[in-house]
Amino acid sequence: MITASQVYDHVQCPHRPVMDATKPESERDETSAFVEMLWEEGVAHEESVLAALNISADMSQVPLDQREAATLAAMARKEPLIYRGRISADDLLGEPDLLELQSCGGYIPGDIKSGSGLEGGDEETEGRLKRHYAVQLGHYSNILERKQLGVGNHMAFVVDNEAARIPYDLDTPMGVRNLQTWYGFYEDAVVAVRNNLCGATRTLPALGATCKLCHWYSSCKAAVIAADDLSLIAELGRSKRDTLIRLIPTVKELAGANIDNFISGKKTVFPGIGPGTLEKYQARARLLCDPKATPYLKSPVALPIRAREIYFDIEADPFKGNFVYLHGMVEREHAQPATARFHPFFADGATPEDEESVFAAAWRYLTERIKDSVIYYYSQYEATSYKRLARKFPSVCSVEDVEALFATPEMIDLYAIVKRHTEWPCNNFSIKTLAVHCGFKWRDESPSGAASIEWYRRWIETGDPAIKTRISEYNEDDCLATGYVVDAIRRMECITALAA
């Protein structure tokens, strides 16, 4: 039986459902404290939501082997709101959190989520339906439709982390340019899961941004390295790997290939990969194959010079409405790491007032320092988060004020510089990967933004000062690491100038 969880996981990683179905649990990684926290958060949130809902039929206490029959009986009685039902049709199995009766006599599915109901954090996708939520709801809707228990369309809903009801109209297009409906996207996904699980198609492990929290991370990473898989190349990814692999199966083969054989005019033989992109991937493959390789400038860049430099990084909890609990600033004299001093703006509580207070203090700091400093941050996350904070706390500043600050020439997105002007012998362009390559070492043994969220939750619960120190040191190291990468790019500038 194909479950909604399998379709959910497939959207994140097509290989994971296959691993779950075929590999023993003993080979899985130990569950991280962050993932355990998410589970606990989900249970607590669900209990809170349920207390406010008028559940008319609770299936959660019905033995599993009797639950589907009990659910169908409740639907036949036209129970208004069914919790934890179980439904199936053909080879599809679903356990929606909620089944809600509509005026037409049919049911629509709903899920209770401890995260935001819609996308956030990326200006291009913010406010859209979440793909992994959409396919789960599509799965339930499909079963209802096959059982003739639905409403004739693919309406569904999510109850999000703020207990708000978010409609999911799965018959709408996925985007302005992508006219496929969300339900059509689900239909493609469930066919792919079916083919993968029965062996009609073969999946391969790959390395990507979402892999580290997966319980198969160590297994897949070892397999990818052993296979010299193309997903080791920065930004190549699973889909492009699958496009290239038939003719170019490994990093080494791409590094040594005559790529002119694959180029015809402005196109290559690989759909969706142009000549420039293929050349970029080959350059990165060659760097990975050369043990003596060093990063280099692929186009000129001149970082501004001011007497003072500031390295800026925030920590936020996306599962609590993107609550920003720390604005970290490392201030130092130009190109002198030994002068670095850390200025944290740390929320001492989890209330809106706490978030507003530290935002106001950080905003005053930035707007004062921008007058005579260069301020570096890594990726657009800080800018997007500050605009969100401005909308939430307009007494601090306006969205226009934030846009004006981040448009200042001395306010620099270092990630954009890295992507546009440099190449590195690394598997990705995360600040941690690049800074480690430059010789930086985090004080914490397992540094990550996800871990920081779990630490902050525990600090709020316990008030343990050691946890607060750990969070602050992690954030400070992120800021210091940004400085390491800036210094490395300046060295590249010097090498390029001497070579000229």
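As a starting point, this report considers the structure included with it.

Concerning the sheet that holds strand β6 (residues 98-101)
- Taking strand neighbours across the sheet as the criterion, the six strands line up as β2-β3-β6-β7-β8-β9 in an open arrangement whose pairing is mixed. With partners counted over all chains shown, the strands left at the sheet margins are β2 (57-58) and β9 (165-169), one partner each.
- Alignment of β2 against strand β3 (residues 81-83), held across two bridges, turns out to be parallel. Within the sheet, the bridge partner assigned to Asp-58 lies in β3 and is Tyr-83.

Some details on the pairing of β6
- Where β3 and β6 come together, three bridges link them in antiparallel fashion. When the bridges of β6 are listed, Ile-82 appears paired with Leu-99.
- In this sheet, strand β7 (residues 107-112) lies alongside β6 in antiparallel orientation, the contact comprising four bridges. Bridge pairing in β7 links Glu-100 to Ile-108.

Quick notes on the packing of aromatic side chains
- Within the structure shown, the criterion is met by 19 aromatic pairs.
- An angle of 10 degrees between the planes, with centres 5.4 Å apart, marks the rings of Tyr-311 and Tyr-376 as stacked. Highlighted residues: Tyr-311 in strand β13 (residues 308-317) and Tyr-376 in strand β16 (residues 373-377), separated in sequence by 65 residues.
- Taking the centre distance of 4.1 Å and the plane angle of 15 degrees together, the rings of Tyr-325 and Tyr-456 count as stacked. Of the two residues, Tyr-325 is situated in strand β14 (residues 323-333) and Tyr-456 in helix α16 (residues 449-462); the sequence distance between them amounts to 131 residues. Across the pair, Tyr-456 and Tyr-325 agree in class, each one buried.
- Following the ring pairs from residue to residue traces out a cluster consisting of Phe-312, Phe-359, Trp-363, Tyr-377, Tyr-386 and Phe-406.

Topic: helix α14 (residues 414-421)
- Listed in full, the buried residues belonging to α14 are Leu-414, Ile-417, Val-418 and His-421. Take α14 and look down its axis: the buried residues cluster within an arc of 105 degrees, on one side only.
- Residue Asp-413 occupies the N-cap position of α14, its side-chain oxygen lying 3.0 Å from the main-chain nitrogen of Tyr-415.

Section: the side chain of Arg-490
- Tracing the chain through its elements places Arg-490 in helix α17 (residues 465-499).
- Taking relative accessible area as the criterion, Arg-490 reaches 12% and is therefore assigned buried.
- A polar side-chain atom of Arg-490 sits 2.8 Å from a polar atom in the side chain of Glu-309.
- The contacts of Arg-490, once residues within four sequence positions are left out, are Leu-303, Pro-304, Glu-309, Arg-332, His-334, Ala-335 and Tyr-376.

Criteria and cut-off values
- Residues numbered from 1 in each chain as written.
- Predicted model: local features only at pLDDT ≥ 70, side-chain atom pairs only at ≥ 80, totals over all residues.
- Heavy atoms only, no water.
- Pairing = 2+ DSSP bridges.
- Helix = DSSP H or I, 4+ residues; strand = E, 2+ residues; numbered from the N terminus.
- Phe/Tyr/Trp six-rings, centres within 6.5 Å; stacked < 30°, edge-to-face > 60°.
- Buried < 20%, exposed > 50% of the residue type's maximum accessible area, 1.4 Å probe, protein only.
- Arc of directions from axis to C-beta.
- Polar contact = N/O pair within 3.5 Å; in protein donor to acceptor, adjacent residues only side chain to side chain.
- Contact = heavy atoms within 4.5 Å.

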